[in-house]
Every structure is written in structure tokens, then in C-alpha cells.
Amino acid sequence: MDPQQLKDVKRALGRRLAAWRKTRGLIQDDVARLVNSTRSTVAGVERGEQVVDRVFWVQCESLLHAGGELIAGYDEYRSFGIRHREEKADAARHARWGTVLDHQTITEASSPSRLPDPDRPLLPTTGASTGDSVLVQDPGGAYVGVRQAIMIVARETSKHAMDAGARAVSDLTIEQLRDDAIGIARGFGQLTPAATINEALRVRGLAVEALERTRRPGQQHELYLITAQAAALLASAAADLGLWSPAMQYARAADTYGEIIGHQGVRAYARGMQATIAYWTEACFISPVRAIRR
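Residues numbered from 1 in each chain as written. Predicted model: local features only at pLDDT ≥ 70, side-chain atom pairs only at ≥ 80, totals over all residues. Heavy atoms only, no water.

On to the overall build of the protein chain. A count of helices and strands for the protein chain gives 13 helices and three strands. With 294 residues in all, the protein chain has 36% of them scored as buried. Within the protein chain, counting contacts between residues at least 6 apart in sequence, those at least 24 apart form 58% of the total. As displayed, the protein chain has an accessible area near 17400 Å², and 55% of this comes from carbon and sulfur atoms. (Helix = DSSP H or I, 4+ residues; strand = E, 2+ residues; numbered from the N terminus. Buried < 20%, exposed > 50% of the residue type's maximum accessible area, 1.4 Å probe, protein only. Contact = heavy atoms within 4.5 Å. Areas by Shrake-Rupley, 256 points an atom, 1.4 Å probe, with all protein chains shown as cover.)

Right under this line is the structure:
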């Protein structure tokens, strides 16, 4: 992907913000004040010099009533950004390892005419060599160069690794979900409960979907943590709306996810939410007689 294309998308997103701001009759200072930002940040975004986080765009979308255009533009930019970084990473890996494997050797070793009888397993022996190649002898007495044997096994190993890799997700995707969860938490006091719930549900849904695709323990740990954080945010937002039963369910879910990965910080927060919800629900539904007796 051409880096210039990414810059063009960023500038286009800034122009959309400026156009909607002017349509609503606001100046940059107005937008900055109403979304808890600064004029210089708004100006930088409109010039295409920066993008900031998703919380900023959610707030701008809500303020300017842009019909989803600003959020869609931001998500498009982030998608292009992830694709650009993945392509750079692939190019770097190819530059490092691409010349290590000799294509002609691989082609020759993979040719059917060069393959040994699959019904005869290769057994290593000692003392047999020719030139610089150690040999491997099969039960029938035939010899196969170790280089060829390595290439044959390498194909199977490569296929196995590719199959395992297919059951994984991009680390950049997880990084984006982690950033989104942090952004929601930092903007919790600035977003409306409805906006917080929508964003947290989106992050939770993507994290759960990624969990179903990956088998890598490290990625599973990160995704369970993100899912727990989203559930904790949903518990807080639901409690703010007085939705006590869903809030308790989200808090218990966050506790369970924290238990799965052994994350005591998440569990402590979830337990605290459960205690808070229990206190307020008991206080709300306590009878006057019980209150007097106490």
C-alpha cells in the first residue's frame, strides 16, 4: 500500500470534520471546548496532521450530527493504517528471509521424481557420507541425501505452521482493540452512557470474534483481558443507567474473564462493581420497616 494513500485518507478525514463544523456554524474553539480537547488539536486534525483516538471522533460525531460519516471515516483510516503496517512487516520479513531459501533447490527437492517411497521411513545411520552431504538410509538400503530429506520435511513443517497461523489473528488487530478499550475508559466521564455502551459492545464483539479465530495462548490472554475490560465498562455504564441486573451480569462476566487469565486487577475491579451494585440494589429495595429496625 502506498504511504501517500494513507496520508490522503487522513487529510480527507480532516476535511470532513472541517466541513461538518462549518455546516453547524461552529469555530474550532467551540468544537475543542465541547469535546474536551484543544483548538490546536482540532486544527491539526482538520489539516490532516493528526487523527487522535476514536473517542474524539465519537464525540465529534455526536456534537455535529454527521450521520455516521466521521466515525466511518475514522474506521476507514484505521483499517488502512493496519493494512499499511502489516504490509511493511511482511516486506521486512521477506527482506530478511527471502534470500535464505534457494528457490531452485526447493523446486528440485519437491519434484515427484526426487521424492523417496512414502512407505519407507527414513532412518538416520552413521558413517555414511558423500562429499559434504551426510546420508540417510532407508530399510531397503537406498540412500537419500540429508539436504533432500530436510527439504521434504520442511514442506510438511511449513504447511503445519501455516495451518496454525491461520488459526490466529493479526497482532495489530489486538493492538487496535486494546487502544480502543483504553480510549473508552479514558473518555468514560466525557461520553454519554449510550455512547460508552455502543463503543464497549463493539470492542467486546470484535474481541470475542477474534478469540474464536486464534489458538495462540498469548493472543488469547490479551483478548480475554480486552473482553474483561469491555465487560467492566459495560457494567459501569449500565449501573449509571440504573440497569442493575445487566450491570451485575457484566460485572460477573468481567470477574470470570479475569479468573480465566489470572488477572487480579480485573478481578478486583469486577468484585468492587459487584459490591457497589449489590449495595445500591439492596438500598433501593429495602422496606421502610427494615430501615427502621436497622
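Within the fold, Ala-237 resides in helix 10 (residues 217-240). In sequence terms Ala-237 and Ile-197 are 40 residues apart; their C-alpha atoms lie 6.4 Å from each other.

Turning our eyes to something else, we now look at the environment of Ile-184. Residue placement: Ile-184 occurs in helix 8 (residues 171-186). Sequence-distant contacts of Ile-184, defined by excluding residues within four places in its chain, comprise Val-55, Thr-196, Glu-199, Ala-200, Val-203 and Leu-233.

It is worth spelling out helix 9 (residues 193-213) at this point. If you check helix 9, its first and last C-alpha atoms are 30 Å apart, about what 21 residues at 1.5 Å a residue would give, namely 30 Å. Taken together, the buried positions of helix 9 are occupied by Ala-195, Thr-196, Ile-197, Glu-199, Ala-200, Val-203, Ala-207, Ala-210 and Leu-211. Residues of helix 9 that are buried in the fold lie against helix 4 (54-64), helix 8 and helix 10. (Expected span 1.5 Å × (residues − 1).)

Membership of the largest hydrophobic core comes to 25 residues, with the highest contact counts inside it found for Leu-17, Phe-56, Trp-57, Cys-60 and Leu-70. Those elements giving two or more residues to this core turn out to be helix 1 (3-23), helix 2 (28-34), helix 3 (39-46), helix 4 and helix 5 (69-97). The biggest single contributor to this core is helix 4, with six residues. Ranked by size, the runner-up nonpolar core spans 16 residues in total, among them Ile-174, Ile-184, Ile-197 and Ile-226. (Core = buried A, V, L, I, M, F, W, Y, C linked by side-chain atoms within 4.5 Å.)

So, on to a negative patch on the surface. Together, Asp-53, Asp-171, Glu-175 and Asp-179 make up a negatively charged patch on the protein surface. Take Asp-171: it is sitting in helix 8. Judged by its relative accessible area of 52%, Asp-171 falls in the exposed class. (Patch = residues over 30% accessible without salt bridge, like charges linked within 9 Å, V, L, I, M, F, W, Y side chains within 5 Å. Salt bridge = Lys/Arg side-chain N within 4 Å of Asp/Glu carboxyl O. Lys, Arg positive; Asp, Glu negative; His and termini not counted. Charge placed at Lys NZ, Arg CZ, Asp CG, Glu CD.)

Attention now goes to the environment of Arg-186. The residue Arg-186 is located in helix 8 in this model. Taking the relative accessible area as the measure of exposure, Arg-186 reaches 72% and is therefore exposed. The spacing of Arg-186 and Val-55 is 131 residues in sequence and 8.7 Å in space, taken between C-alpha atoms.

For the coordinates displayed, the defined rule picks out 13 salt bridges. In this structure, the salt-bridge partner of Arg-11 is Asp-8, at a minimum N-O distance of 2.8 Å. In this pair, Arg-11 and Asp-8 both sit in helix 1, three residues apart, roughly one turn of the helix. For Arg-11, a relative accessible area of 31% translates into the label partly exposed.

What follows deals with the packing of aromatic side chains. As enumerated under the stated definition, the model contains four aromatic pairs in all. Between Phe-56 and Trp-57, the ring centres sit 5.4 Å apart and the planes meet at 85 degrees, which makes this aromatic pair edge-to-face. One exposure class covers both Phe-56 and Trp-57, and it is buried. Linked through ring pairs, Phe-56, Trp-57 and Tyr-74 together constitute an aromatic cluster. (Phe/Tyr/Trp six-rings, centres within 6.5 Å; stacked < 30°, edge-to-face > 60°.)

This brings us to unusual backbone geometry. Here the phi dihedral of Asn-36 falls at roughly 60 degrees; this positive angle occurs in a residue that is not glycine. With a phi close to 50 degrees, His-65 is a non-glycine residue in the positive phi region. You can see His-65 is positioned in the loop between helix 4 and helix 5.

On to helix 1, then. Helix length check: helix 1, at 21 residues, gives a terminal C-alpha distance of 31 Å against a target of 30 Å (1.5 Å per residue), a fit within 8%. What helix 1 keeps buried is the set Leu-6, Val-9, Lys-10, Leu-13, Gly-14, Leu-17, Ala-18, Trp-20 and Arg-21. Count one or two residues on from helix 1 and you reach Gly-25, which has phi positive near 70 degrees.

With that out of the way, let us pick up the side chain of Glu-61. For Glu-61, the position within the fold is in helix 4. Although Glu-61 is buried, it forms no salt bridge, and the closest oppositely charged side chain is Arg-24 at an N-O distance of 8.1 Å. A distance of 3.0 Å separates a polar side-chain atom of Glu-61 from the backbone nitrogen of Gly-67. Engagement of the side chain of Glu-61 in a polar contact is seen with the backbone nitrogen of Gly-68, the distance being 2.5 Å. (Polar contact = N/O pair within 3.5 Å; in protein donor to acceptor, adjacent residues only side chain to side chain.)

Note that every value here comes from positions in space, so none of it alone points to a role or purpose.
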